[in-house]
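Examination of the molecular architecture
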Amino acid sequence: MILCSYAKKLHILVGLALITLVSGCISSRQLVYFQDQVTASDSIKLMDRFIPTVQPGDILSVRVSSLSPEATTFFNPPSATMPIDRMMTPTMTALPEITGYLVNPDGTLELPLVGKVKVGGLTTAQVADRIREELKTYLKEPTVNIRNQNFRVSVMGEVARPSLFTIPNEKITMLEALSLAGDITIYGRRDNVLLIREVNGQRTFTRIDMTSRDLFRSPYYYLHPNDVIYVEPGRARVASADRTYQILPIALSALSFIAIIFSRF
């Protein structure tokens, strides 16, 4: 009778341990994006594309060309590389430095000869038009190409390659950013992705469900400069990092073996 009682207790203990272990496992449904039912004729109207404007502190790459090549070089800063003595290790190659014009706190940048040009609040296309007009005094038929080198997004957490990404075409969606980071790992929570954004001097924190197609209607579908995406780890990741869960399968096997022996007496 005593042995039977021990066997029952061991069976209960094994059952509870199995429930605990299963609760930390990953369901295949948790890994699927956009789980809403889709028909052959389904379509979703996307949000209007976000067009960034130049802000104080931005660094603008200004490339000028014209029918006066020698005069043009005066307005194009030379490209630079990181000198050898600033490298962290001898195995690193020379790294390109960011070159361009810093936008002042008053929303202006200063060009050679031209002086200060008001660019704050304008798109890069509008900035190019404004600088082109200013350069007509000095250059014959100038053309101007502007790139905002501050359009960067960060992807952190449970992704394959967390990193800070510079976006050259100033347009990126959440899906594209996650793709650049190698996608969410099987341990990441797709239903609770955190987007951190700065709006009017304040940080906003928004949770986004990547398993729903509502993302395509969301104002967060297109990312803004300096957005941060954080993918939270799921319970399975926590479980895999916990030594208790690593030892648990071995302990379960031992308890099951003991329970079988007791049940036969």
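Described below are features of the structure shown in this document. Keep in mind the model is a prediction, meaning the values are calculated, not measured.

Section: the overall build of the chain
- Of the regular secondary structure elements, the chain holds six helices and 10 strands.
- When contacts within the chain are restricted to residue pairs at least 6 apart in sequence, long-range pairs at least 24 apart make up 64% of them.
- On the chain, roughly 16500 Å² of surface is accessible, and the fraction owed to carbon and sulfur atoms is 58%.

Observations regarding the pattern of salt bridges
- Evaluation of the coordinates by the stated rule reveals nine salt bridges.
- Residue D106 is joined to K116 by a salt bridge in which the shortest nitrogen-to-oxygen separation is 3.9 Å. Residue D106 is found in the loop between β2 (101-102) and β3 (108-111), and its partner K116 is found in strand β4 (residues 115-118); the two are separated by 10 residues along the sequence.
- The class of K116 is exposed, set by a relative accessible area of 54%.
- The residue D227 makes a salt bridge to R197 at a minimum N-O spacing of 2.7 Å. One end of the pair, D227, is in the loop between β9 (202-208) and β10 (228-231); the other, R197, is in strand β8 (residues 193-199), with 30 residues separating them in the sequence. Take D227 and R197: they sit in the same class, and that class is buried.
- It is possible to trace a salt-bridge network through shared partners that takes in R189, D191, R207 and E232.

Let's talk about a nonpolar patch on the surface
- Residues F74, L113 and Y138 make up a contiguous nonpolar surface patch of about 330 Å² in total accessible area.
- Looking at where L113 falls in the secondary structure, it is placed in the loop between β3 and β4.

Describing the sheet that holds β8
- Pairing within the open sheet is mixed, and its five strands lie in the order β7-β6-β10-β8-β9. The sheet is open, and its two borders are formed by β7 (163-166) and β9, each paired with just one other strand. With direction set aside, neighbouring strand axes in the sheet form an average angle of 20°.
- Bridge analysis of strand β6 (residues 152-157) against β10 gives four bridges, and the strand direction is parallel. Paired with V155 across the two strands is I229, which belongs to β10.

Describing unusual backbone geometry
- Even without being glycine, E170 reaches a positive phi, approximately 60°.
- Along the polypeptide, E170 turns up in the loop between β7 and α4 (174-180).
- According to the relative accessible area criterion, E170 is buried, its value standing at 8%.
- At D183, a position not held by glycine, the phi torsion is positive, near 75°.
- Among the structural elements, D183 can be located in the loop between α4 and β8.

Side note on the nonpolar core
- Counting residues in hydrophobic clusters, the biggest one holds 23 residues, and the most contacted among them are V153, V155, M174, L178, L223 and I229.
- Among the elements of the structure, β6, α4, β8 and β10 are those that each provide at least two residues to this core.
- Ranked by residue count, the leading element in this core is α4, at three residues.
- Among all residues touching V155, those that are not within four sequence positions of it are P162, S163, F165, A177, L178, A181 and I229.
- Counting 20 residues, the second-largest nonpolar core is a separate cluster that includes L60, V103, I131 and L135.

Criteria and cut-off values
Chains are numbered independently. Their residues run from 1 in the order of the written sequence. The predicted nature of this model means local features are confined to residues of pLDDT at least 70 and side-chain atom pairs, given and counted, to a pLDDT of 80 or more, with totals for whole chains, interfaces and linings taken over all residues. Water and hydrogen atoms were dropped before computing side-chain values, which therefore reflect all heavy atoms in the structure. By definition, any uninterrupted DSSP run of H or I lasting at least four residues is a helix, any uninterrupted run of E lasting at least two residues is a strand, and each is numbered from the N terminus. Contact between two residues is taken to exist if any of their heavy atoms lie within 4.5 Å; hydrogens are not considered. Only the protein chains shown count as covering a residue, and every accessible area follows the Shrake-Rupley method with a 1.4 Å probe. Criterion for a salt bridge: a side-chain nitrogen of Lys or Arg within 4 Å of a carboxyl oxygen of Asp or Glu. Here's how the labels work: a residue is buried when its accessible area is under 20% of the maximum for its type, exposed when over 50%, partly exposed in between, all with a 1.4 Å probe on protein chains only. Two distance rules govern patches: like charges are joined within 9 Å, and nonpolar side chains (Val, Leu, Ile, Met, Phe, Trp, Tyr) within 5 Å, applied only to residues with over 30% relative accessible area and no salt bridge. In this description, strands pair whenever DSSP reports at least two bridges between them. The axes are straight lines fitted to the C-alpha atoms, using for helices just the contacting stretch, and the angles between their N-to-C directions are given from 0 to 180°. Definition used in this section: a nonpolar core is a set of buried Ala, Val, Leu, Ile, Met, Phe, Trp, Tyr and Cys residues joined via side-chain atoms within 4.5 Å.

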